[in-house]
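Single-letter residue listing:
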Amino acid sequence: NGLFYLGGWDNALYAVRADNGQLEWRSEMGRSNSGKGSISFYYSPAIASPCIGKESLFVCTNDGTLHAVNLFDGHELWTFRAPSGRDSLGYSSPKWENGIVYVGGLGKNGDIYAVSEATHEIVWQQSTGAENYDSSVCLTDKYVVIGSVAGKITWLDKSTRKIAYTYNLQAGFYFSNPVWDYQ
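All values reported here derive from a predicted model rather than from experimental measurement.

Chemist: Outline the sheet that holds strand β4 (residues 51-52), supporting the account with residue identities and numerical values.
Modeler: In space, the four strands of this open sheet follow the order β4-β5-β6-β7, with antiparallel pairing throughout. One side of each edge strand has no neighbouring strand; the edge strands of this open sheet are β4 and β7 (76-81). In the sheet, strand β5 (residues 56-61) pairs with strand β6 (residues 65-70) via six bridges, with the strands oriented antiparallel. Note on β6: the bridge partner recorded for F58 is A68.

Chemist: An account of the environment of Y133 is requested, with residue identities and associated values reported.
Modeler: Its place among the elements puts Y133 in the loop between β11 (122-127) and β12 (138-139). Separated by 13 residues in sequence, Y133 and H120 place their C-alpha atoms 23 Å apart. Residues contacting Y133, with those up to four places away along its chain left out, are Y91, S92, G105, L106, V149 and F175.

Chemist: Can you lay out the pattern of salt bridges for me, pointing to particular residues and giving the numbers?
Modeler: The full count for this structure, using the stated rule, is seven salt bridges. Across the pair R17 and E24 runs a salt bridge, and its minimum N-O distance is 3.6 Å. Among the ionic pairs, R26 bridges to E28, the shortest N-O distance being 3.0 Å. For E28, a relative accessible area of 39% gives the class partly exposed.

Chemist: With reference to specific residues and values, describe the sheet that holds strand β15 (residues 163-168).
Modeler: Picture the strands of a sheet paired through backbone hydrogen bonds; they go either parallel or antiparallel. Read across the open sheet, the four strands follow the order β12-β13-β14-β15; overall the sheet is antiparallel. Because the sheet does not close on itself, it has two edges, and the strands there are β12 and β15. As paired strands, β12 and strand β13 (residues 143-146) are joined by two bridges and run antiparallel to one another. Bridge pairing links L139 to V144 in β13.

Cut-off values and rules
- Residues numbered from 1 in each chain as written.
- Predicted model: local features only at pLDDT ≥ 70, side-chain atom pairs only at ≥ 80, totals over all residues.
- Heavy atoms only, no water.
- Pairing = 2+ DSSP bridges.
- Helix = DSSP H or I, 4+ residues; strand = E, 2+ residues; numbered from the N terminus.
- Contact = heavy atoms within 4.5 Å.
- Salt bridge = Lys/Arg side-chain N within 4 Å of Asp/Glu carboxyl O.
- Buried < 20%, exposed > 50% of the residue type's maximum accessible area, 1.4 Å probe, protein only.

See below:
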């Protein structure tokens, strides 16, 4: 629809017109107290990049929430939070494919969530056993792949929802996102 989408440190998600650089809409999110409190740096949608689905835009905020908003006006459609006791959402950028939003959790379990765009509920979740922190998922034709702070890369099979492979890099802290060369 000719728009660029990005999150700002001011706790807002922006849609900017590609043809003239003008603001199309601005949507505030990531406020404390269930959206009624003050804006804080720590609740910003600027850490995770948004992704576009079939009819919605998805972005995580550092208050542990995945937001689905309307592409055309920024109106919030729904939110999703990880179940209590599981890895929170926040730094991982979501990815969309065939009505499913995939996102990595922020915590020691290394949870990956597959959330239905239609029902806003978990289709499946799987722990990688490695702290994902900043890494975002990469989708291949068969796998959901994510990195970890400790350098462990995990491939989850989309059909079985089980860990198919892991690879450990040298010791150190890794925050980058894996990418797939599909050509």
